[in-house]
Amino acid sequence: MAVDDDILRKNPFEFMLATVVVNDSVTREAITRKEERTFLDFVKNDKHYSKYYDGMYILFKTGMRISEFVGLTIKDVDLENRTINIDHQLQRTGTLNYIDSTKTYAGRRVIPMQDDVYECFKRILANRKPPKIEPSIDGYSGFLWFDKDGKPMLALHWEKYFQHAVEKYNRIYKTQLPKITPHD
């Protein structure tokens, strides 16, 4: 790269970096419809994880990124027109939580709600207990999910819920589920 950018006249090494660096990327496999149904049925009927069912269902059925999902506010969910407005995401760097634009400009979109997703959002909004102090992050408030401290849940919360639910399922049943994330 330094030679290409005219920083060096000649490459002082006898190799190309691409021949030395090991490609350790992993190809992710999509789960099957049967695995999705099995997982969602387990979550829906599990005493502990059932409280996350609606959120997990929405993540599977809408294609939202987890960071977009956790960034949703009451204003972003239009039950009357059955749409979900995606124009931002909730991110975390170190201990700082902040609102960022979507990953790409094309990521700004309005998602129509199918009937099943609409029912999930209706339950979420009906069961949402406003915290004692409504948190605000970069001017956004009215988040849908809160952690035990009354702060908006982050992507890492949901990633752990998925991971732990799969682990619990796999401890109970002989037929094992693979690693499951909604984006797969």
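Above: the structure in question.
As the structure is a computational prediction, the values presented were derived from the model and not from experiment. (Residues numbered from 1 in each chain as written. Predicted model: local features only at pLDDT ≥ 70, side-chain atom pairs only at ≥ 80, totals over all residues. Heavy atoms only, no water.)

Caption draft 1: Region of interest: the packing of helix α2 (residues 53-62) against helix α5 (residues 155-172). Interaxial distance between α2 and α5 falls to 11 Å at its minimum, and their mutual angle equals 95°. By the angle class used here, α2 and α5 are roughly perpendicular. In contact with G55, M56, L59 and F60 of α2, α5 contributes W158, Y161 and F162. Within the contact of α2 with α5, the residues separate by chemical class into 6 nonpolar, 1 polar and no charged. (Axes fitted to C-alpha atoms, helices over the stretch in contact; angles between N-to-C directions. Helix = DSSP H or I, 4+ residues; strand = E, 2+ residues; numbered from the N terminus. Parallel < 35°, antiparallel > 145°, perpendicular 65-115°, else oblique. Contact = heavy atoms within 4.5 Å. Nonpolar A, V, L, I, M, F, W, Y, C, P; charged D, E, K, R; others polar.)

Caption draft 2: A look at the sheet that holds strand β1 (residues 77-78). Across the sheet, which stays open at both edges, the 3 strands sit in the order β1-β2-β5 with antiparallel pairing between neighbours. At either margin of the open sheet sits one strand with a lone partner, and together these are β1 and β5 (109-112). The pairing of β1 with strand β2 (residues 83-86) spans 2 bridges and is antiparallel. Along β2, the bridge assignment pairs V77 with I84. (Pairing = 2+ DSSP bridges.)

Caption draft 3: Broad picture of unusual backbone geometry. Located in the positive-phi region is R82, a residue other than glycine, with phi close to 55°. Looking at the element boundaries, R82 is found in the loop between β1 and β2. On the accessibility criterion, R82 (30% relative accessible area) is partly exposed. In this structure, D138 is a non-glycine residue whose phi angle is positive, near 50°. Mapped onto the fold, D138 is located in the loop between β6 (136-137) and β7 (140-141). (Buried < 20%, exposed > 50% of the residue type's maximum accessible area, 1.4 Å probe, protein only.)

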